[in-house]
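# Notes for the structure review
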Amino acid sequence: MAAITERIDNITRIPAPYLKAKPPAPKSVKIEISPRCNYRCGFCALRSREVQPKWDMDFGLFKRITREMRDAGVEEIGVFYLGESFMNPRLLVDCIAYLKQDIAMPYVFLTSNASMAFPEAVEACMKAGLDSLKWSVNACDEEQFERIMGVAGRLFRHALENIRRAWEVRAEHGCKTGLYASSIRYDGEQHQKMEALLAERVRPYVDQHYWLPLYSMGAFATEREEKLGYRPTAGNQGRIGALREPLPCWSAFTEGHVTAEGKLSACCFDATANWTMGDLNKVSFMDAWNSAPFAALREAHLRRDVRGTVCENCIAYS
């Protein structure tokens, strides 16, 4: 199995055939199983929603659009987008099982904050065929966790315990799911504290850990994080060690993003439907992927001039 960083780099690197207004089907698509999250992270685009959604994705819609994706050539499905998929573990497991057993999706992956990933749910995901499970670990202790994630410190302890238990569950049942972790790389003393936590509580229980910059999330992260003393990077430039130029943004060319409501977005941080390029309740996946609005937006990205588009106010272009 390829290392997770290799897979990430293959998506954030835009191949020549995709540098066009109407590219082929993306190799990877993230689908929001649940739009809800039990964290209130200041840097997350979910906090920009005035009203938090309550409905998870309809399973019938999920099955229809993922079959269309597979027929179009999609090879990787992320069973998450902005929300925390373990908010609905039964639906999550059913989605994984459908992808692996019914339509033979080659690679199914998931990112989670780990706090609700109780061992029984993780076991069910692994046995359903989940290929990759990555934990987001972005606080060094309970005090910082409460300040950044905006929730009780006990969830910090729950998350670390679930990370350890997932490692044990995989070994106990002989599952093949890759276990990974990523962390936002802050500066100075914070980085040193994170290294200590990772060495003791995370790296022993994952196959690979890697660092991410603090994304601006379409400029949503800027104000809150600057108050906390952290400076977001421009746009989504991928992982540290293989950062990409902000324009053209790979998110609009090589990876699809579908909300729980069935909207195809051009942005990997679209919590407010500002970047909706098509409604998959009404059109097919490929019709939305190559819709007129999406083609026009990609043309602007290819010109490296997004003035007058929905991307204009992103920190990446200011």
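Scope of this entry: the structure provided in the associated data block. In this text, all values refer to a predicted model and were calculated from it rather than measured experimentally.

## Focus: the sheet that holds strand β6 (residues 208-212)
- An order of β6-β5-β4-β3-β2-β1-β7-β8-β9 is seen for the nine strands of this open sheet, with the pairing classed as mixed. The open sheet has two free edges, formed respectively by β6 and β9 (276-279), since each of these has just one partner strand. On average, each strand axis in the sheet is tilted by 25° relative to the strand beside it, whichever way the strands run.
- As judged from the two bridges shared by strand β7 (residues 255-258) and strand β8 (residues 263-265), these two strands associate in the antiparallel manner. Opposite His-257, over in β8, you have Ser-265 as the bridge partner.
- Across the sheet, helix α3 (residues 89-102) lies against β2 (76-78) and β3 (107-112), angled at about 160° from β3, the strand it touches most.
- Lying on the sheet, helix α7 (residues 188-202) is in contact with β5 (178-184) and β6; it crosses β6 at an angle near 160°.

## Focus on the packing of aromatic side chains
- Taken as a whole and judged by the stated rule, the model has eight aromatic pairs.
- Three or more aromatic residues link up through ring pairs in this structure, and these residues are Tyr-39, Phe-145 and Phe-156.
- A cation over a ring is seen here: Arg-7 above Tyr-107, with NZ or CZ 3.6 Å from the ring centre.
- Note that Arg-298 overlies the ring of Phe-294, its terminal NZ or CZ placed 3.6 Å from the centroid.

## Here's the deal with the nonpolar core
- Core analysis: the largest hydrophobic core is formed by 91 residues, its most contacted members being Val-79 and Trp-135.
- No other element matches the eight residues that α3 contributes to this core.

## Here's the deal with the pairing of strand β1 (residues 28-31)
- Burial of β1 is two-sided: the residues Ser-28 and Lys-30 facing one way and the residues Val-29 and Ile-31 facing the other way are all buried.
- Bridge count between β1 and β2: three bridges; the pairing is parallel. Bridge pairing links Val-29 to Ile-77 in β2.
- Two elements, β1 and β7, share four bridges in a ladder whose sense is parallel.

## Some remarks on the packing of helix α4 (residues 119-128) against helix α6 (residues 154-173)
- For the pair α4 and α6, interaxial distance at closest approach is 9 Å and the crossing angle is 45°. Considering their axes alone, α4 and α6 lie oblique with respect to each other. Considering only the axes of α4 and α6, their crossing is right-handed. Counting all contacts with α4, which are made through Pro-119, Val-122, Glu-123, Met-126 and Lys-127, the residues of α6 involved are Asn-162, Arg-165, Ala-166, Val-169, Arg-170 and His-173.

## Some thoughts on the pairing of β7
- Neither face of β7 is open: one carries Glu-255 and His-257, the other Gly-256 and Val-258, and all of them are buried.
- In this antiparallel pair of consecutive strands, β7 and β8, the connection spans four residues, and Gly-262 shows a positive phi of 95°.

## Overview of the environment of Pro-213
- Mapped onto the secondary structure, Pro-213 falls in the loop between β6 and α8 (222-227).
- Along the primary structure Pro-213 and Ser-183 are separated by 30 residues, whereas in three dimensions their C-alpha atoms are 8.4 Å apart.

## Here's the deal with helix α2 (residues 59-72)
- Spanning 14 residues, α2 covers 20 Å between terminal C-alpha atoms, matching the ideal 20 Å at 1.5 Å per step.
- For α2, the full list of buried residues reads Leu-61, Phe-62, Ile-65, Thr-66 and Met-69. Summarising the axial view, the buried residues of α2 lie within an arc of 115°, below the 170-degree limit, and thus occupy one face.
- Where the residues of α2 are buried, they touch β1, β2, α3, β7 and α9 (285-289).
- Two or three places before Gly-60, at the opening of α2, Asp-58 has a side-chain oxygen 3.1 Å from that residue's backbone nitrogen.

## Some remarks on the pattern of salt bridges
- Per the stated rule, a full pass over the model turns up 18 salt bridges.
- Linking Glu-75 and Lys-27 is a salt bridge whose minimum nitrogen-to-oxygen distance equals 3.7 Å. Here Glu-75, found in the loop between α2 and β2, pairs with Lys-27, found in the loop between α1 (4-12) and β1; they are 48 residues apart in sequence, far enough to count as distant.
- Under the relative-accessibility criterion, Glu-75 is labelled partly exposed at 35%.
- Between Arg-157 and Glu-142 there is a salt bridge whose closest N-O contact spans 2.9 Å. You can see Arg-157 sitting in helix α6 and its partner Glu-142 sitting in helix α5 (residues 142-149), a full 15 residues away along the chain.
- With a relative accessible area of 44%, Arg-157 lands in the partly exposed category.
- In this structure, a network of salt bridges that share partners links the residues Glu-161, Arg-164, Arg-165, Glu-168 and Glu-172.

Here is what the cut-offs are and how they apply
Residues numbered from 1 in each chain as written. Predicted model: local features only at pLDDT ≥ 70, side-chain atom pairs only at ≥ 80, totals over all residues. Heavy atoms only, no water. Pairing = 2+ DSSP bridges. Helix = DSSP H or I, 4+ residues; strand = E, 2+ residues; numbered from the N terminus. Axes fitted to C-alpha atoms, helices over the stretch in contact; angles between N-to-C directions. Contact = heavy atoms within 4.5 Å. Phe/Tyr/Trp six-rings, centres within 6.5 Å; stacked < 30°, edge-to-face > 60°. Lys NZ or Arg CZ within 6 Å of the ring centre and 35° of its normal. Core = buried A, V, L, I, M, F, W, Y, C linked by side-chain atoms within 4.5 Å. Buried < 20%, exposed > 50% of the residue type's maximum accessible area, 1.4 Å probe, protein only. Parallel < 35°, antiparallel > 145°, perpendicular 65-115°, else oblique. Left-handed = near helix turned anticlockwise from the far one by under 90°. Expected span 1.5 Å × (residues − 1). Arc of directions from axis to C-beta. Polar contact = N/O pair within 3.5 Å; in protein donor to acceptor, adjacent residues only side chain to side chain. Salt bridge = Lys/Arg side-chain N within 4 Å of Asp/Glu carboxyl O.

Everything listed is a geometric property; what it means functionally is a separate question.
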